[in-house]
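# Chains, contacts and geometry: an overview
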Amino acid sequence: MNKAQTLSTRYDPRELSDEELVARSHTELFHVTRAYEELMRRYQRTLFNVCSRYLGNDRDADDVCQEVMLKVLYGLKNFEGKSKFKTWLYSITYNECITQYRKERRKRRLMDALSLDPLEEASEEKTPAPEEKGGLDRWLVHVNPIDREILVLRFVAELEFQEIADIMHMGLSATKMRYKRALDKLREKFADSTET
């Protein structure tokens, strides 16, 4: 290794911005993974929380996180920086969550169709009761999957509306409208629960 190569590998990844880490990854991967590892460390917890809240269980969330990290590892060299790294990461996460959600739903339908118990077969959606979880999770079961993802990306990933719209391939005004309606629905549900 020559002197220029040695100097270029001496850096503290914690001191670099996401953009600088992406640039380092372009030149280092797959021989050196320090920049990639720092990017994943920064977003790992939020990534898991987004997946867990969207999918409703930690096992599937963990599987999706692993898949997302692999896609980022292999896709980082081709990431052109047209959007923020964070937006790109959550776009991949969103798509992987959708894929996993559909896969689980198909599996559930198949199991229900093969079931001999007619009551079990009739209950297609087996979502946890709101009382089983606390906080945001308790209320997310009351909104449809698209609205749930908007709320999760806004509150858990702390993305701007334009970033959410880009990730979900929706218009900005449609994203804001769905967000407002979902919040109104949750407020109404919360008001009902406090009255009873």
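Definitions and cut-offs
Residues numbered from 1 in each chain as written. Predicted model: local features only at pLDDT ≥ 70, side-chain atom pairs only at ≥ 80, totals over all residues. Heavy atoms only, no water. Phe/Tyr/Trp six-rings, centres within 6.5 Å; stacked < 30°, edge-to-face > 60°. Buried < 20%, exposed > 50% of the residue type's maximum accessible area, 1.4 Å probe, protein only. Lys NZ or Arg CZ within 6 Å of the ring centre and 35° of its normal. Axes fitted to C-alpha atoms, helices over the stretch in contact; angles between N-to-C directions. Helix = DSSP H or I, 4+ residues; strand = E, 2+ residues; numbered from the N terminus. Parallel < 35°, antiparallel > 145°, perpendicular 65-115°, else oblique. Left-handed = near helix turned anticlockwise from the far one by under 90°. Contact = heavy atoms within 4.5 Å. Nonpolar A, V, L, I, M, F, W, Y, C, P; charged D, E, K, R; others polar.

For the rest of this paragraph, the subject is the packing of aromatic side chains. Describing an aromatic ring pair means giving the distance of the ring centres and the angle of the ring planes. Applying the stated criterion across every chain yields a total of 9 aromatic pairs. A ring pair is formed by Phe79 and Phe85, whose centres lie 6.3 Å apart and whose planes are at 80 degrees; its orientation type is edge-to-face. Summarising the burial analysis for this pair, Phe79 and Phe85 share the class buried. Ring pairs connect the aromatic residues Tyr43, Phe79, Phe85, Trp88 and Tyr90, which therefore count as one cluster. Positioned above the aromatic ring of Tyr11 is the side chain of Arg34, whose terminal nitrogen or guanidinium carbon lies 4.3 Å from the ring centre. Across from the ring centre of Phe161, 4.1 Å away, lies the NZ or CZ of Arg154, which sits over that ring.

What follows concerns the packing of helix H3 (residues 34-55) against helix H8 (residues 145-155). The interhelical angle for the contact between H3 and H8, taken along N-to-C directions, is 155 degrees, at an axis separation of 10 Å. With respect to H8, the element H3 is oriented roughly antiparallel. Judged by the sense of rotation from one axis to the other, the crossing of H3 with H8 is right-handed. On H8, the residues that touch Val50, Arg53 and Tyr54 of H3 are Pro145, Arg148, Glu149 and Val152. Of the residues assigned to the contact of H3 with H8, the class counts are 4 nonpolar, no polar and 3 charged.

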